[in-house]
Every structure is written in C-alpha cells, then in structure tokens.
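Inside the fold
Single-letter residue listing:
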Amino acid sequence: NLFLINIFDMQHCRAAIRIGPKSPEARVRAASILQGMGKLKDALARCVEAIRIDPKSALAFEKKHEIELSLELKADSWKSLTKAMALAPRSASLHAKAAEVLKEMGYLKSALKQCRTAIRLDPRSVTAYQKQCSIQIRSFLKKQALGSLRKALALSPDDAAMHAGL
C-alpha cells in the first residue's frame with residue numbers, strides 16, 4: 001500500500017508542475033508532497049526552482065526553510081526563514097517559526113521578541129502564545145508563562161494537551 005501511495009503522490013507532484021509550469025506555488029506544492037514522502041533533497045530542488053521562477057515568493061522561502069531544517073542545514077534554514085520574513089514581514093506564522101528557531105539556538109530574548117511580534121500581528125495565534133509560553137518557561141518566567149498558556153487555552157479551549165500543562 002505504501003508503494004501505491006508513493007505512486008499516487010508522485011502523480012500529484014508531476015500534475016501540479018504540469019498545470020503550472022511557471023508557477024512557484026505549483027513547485028512549492030510539489031515540494032510539500034515530496035517532503036511528505038521523505039524525499040527531502042528532491043523537495044529542496046523544487047523550492048529552488050520556485051525561487052528561480054519568483055525570487056519574491058515568501059511561500060517558497062518558507063518551505064525551503066522547513067526542508068533545510070529537516071535536513072539539519074541550520075544556517076541555510078535560518079537564511080531562508082529571514083528571507084521569507086523580509087518578503088512577508090506581516091506574517092505572524094513566520095515570526096512564530098523564527099521564535100522557535102531562536103529558542104533552539106539559545107537566543108531567548110530574541111525569541112520572545114519574535115513571539116510578541118507574532119501576537120501583535122495576529123492576536124488569535126494559539127501557536128504564538130504556545131511558543132511564548134515555552135520560551136518563558138525556559139527563561140524561568142513562570143508567571144508570564146502561565147499567562148501565555150491561559151491565553152492560548154482561551155483561544156483553543158478544546159486542546160487537551162494544553163489543559164494538561166495547567
């Protein structure tokens with residue numbers, strides 16, 4: 001069955017590129033399919049193609065960041081993420097991703113700043129509040145972390161994992 005799923009995914013991948021041969025979005029869609037199949041180098045190549053077609057595609061740089069992160073190409077991944085953020089500075093999700101990367105690098109103050117930016121851009125971003133909570137815990141800001149967790153819960157009251165955090 002896995003073989004049939006891979007054939008099906010590859011057909012979708014090729015179809016996406018055939019439908020939009022000059023479309024960076026089609027290349028990013030193909031990259032997502034390949035990423036899901038574990039073909040990360042091929043997925044990365046589709047992202048590079050998308051960027052070649054449209055060097056101002058924040059979506060292509062964001063997907064490239066995700067794939068490079070999976071390939072543990074941390075420096076390249078950070079460059080792709082910052083490029084995506086430069087192209088789409090009002091994207092809360094990109095700022096939340098930057099917060100996570102900065103947290104992993106140990107830059108907790110910068111990570112918190114990215115969370116605050118994400119929340120300012122999208123006050124309903126559960127992900128941003130969750131990341132902020134995680135960084136605040138790591139920074140020994142327990143009261144603030146509890147506040148962030150409560151805000152995330154208020155936005156997503158059915159999330160059992162967050163309830164367990166209380």
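Throughout what follows, the structure given in this document is the object of discussion. (Residues numbered from 1 in each chain as written. Predicted model: local features only at pLDDT ≥ 70, side-chain atom pairs only at ≥ 80, totals over all residues. Heavy atoms only, no water.)

For the chain, the count of helices and strands is 10 helices and 0 strands. Going from the N terminus to the C terminus, the chain shows its helices and strands as α-α-α-α-α-α-α-α-α-α. Across the 166 residues that make up the chain, the buried fraction comes to 43%. Across the chain, the fraction of contacts at a sequence separation of at least 24, relative to all contacts at a separation of at least 6, is 43%. A total of about 9800 Å² of accessible surface is found on the chain, and carbon and sulfur atoms cover 57% of it. (Helix = DSSP H or I, 4+ residues; strand = E, 2+ residues; numbered from the N terminus. Buried < 20%, exposed > 50% of the residue type's maximum accessible area, 1.4 Å probe, protein only. Contact = heavy atoms within 4.5 Å. Areas by Shrake-Rupley, 256 points an atom, 1.4 Å probe, with all protein chains shown as cover.)

Where charged atoms from two side chains of opposite charge approach closely, those side chains can pair. For the coordinates displayed, the defined rule picks out 9 salt bridges. With a shortest N-O distance of 2.8 Å, Glu 68 and Lys 64 are connected by a salt bridge. You can see Glu 68 and its partner Lys 64 sitting in helix 4 (residues 58-70), 4 residues apart, about one turn around the helix. A single burial state applies to Glu 68 and to Lys 64, both of which are buried. Measuring nitrogen to oxygen at the nearest pair gives 3.5 Å for the salt bridge that ties Glu 100 to Lys 131. Of the two residues, Glu 100 is situated in helix 6 (residues 92-105) and Lys 131 in helix 8 (residues 126-138); the sequence distance between them amounts to 31 residues. (Salt bridge = Lys/Arg side-chain N within 4 Å of Asp/Glu carboxyl O.)

What follows covers the packing of helix 4 against helix 5 (residues 74-87). Here helix 4 crosses helix 5 at 160°, and the two axes come no closer than 8 Å. When the axes of helix 4 and helix 5 are compared, the pair comes out roughly antiparallel. As for the relative orientation of helix 4 and helix 5, their crossing is left-handed in sense. Taken together, the residues of helix 5 that come into contact with helix 4 (itself represented by Ala 58, Phe 61, Glu 62, Lys 64, His 65, Glu 68 and Leu 69) are Asp 76, Ser 77, Ser 80, Leu 81, Lys 83, Ala 84 and Leu 87. Classifying every residue of the contact of helix 4 with helix 5 gives 6 nonpolar, 3 polar and 5 charged. (Axes fitted to C-alpha atoms, helices over the stretch in contact; angles between N-to-C directions. Parallel < 35°, antiparallel > 145°, perpendicular 65-115°, else oblique. Left-handed = near helix turned anticlockwise from the far one by under 90°. Nonpolar A, V, L, I, M, F, W, Y, C, P; charged D, E, K, R; others polar.)

Glancing now at the packing of helix 6 against helix 8. Packing of helix 6 against helix 8 brings their axes to within 9 Å, and their N-to-C directions diverge by 20°. Taken together, the axes of helix 6 and helix 8 are roughly parallel relative to one another. As for the relative orientation of helix 6 and helix 8, their crossing is left-handed in sense. Where helix 6 abuts helix 8, its residues Ala 96, Ala 99, Glu 100, Lys 103 and Glu 104 lie against Thr 127, Lys 131, Ser 134, Ile 135 and Arg 138. In terms of residue class, the contact of helix 6 with helix 8 is made up of 3 nonpolar, 2 polar and 5 charged.

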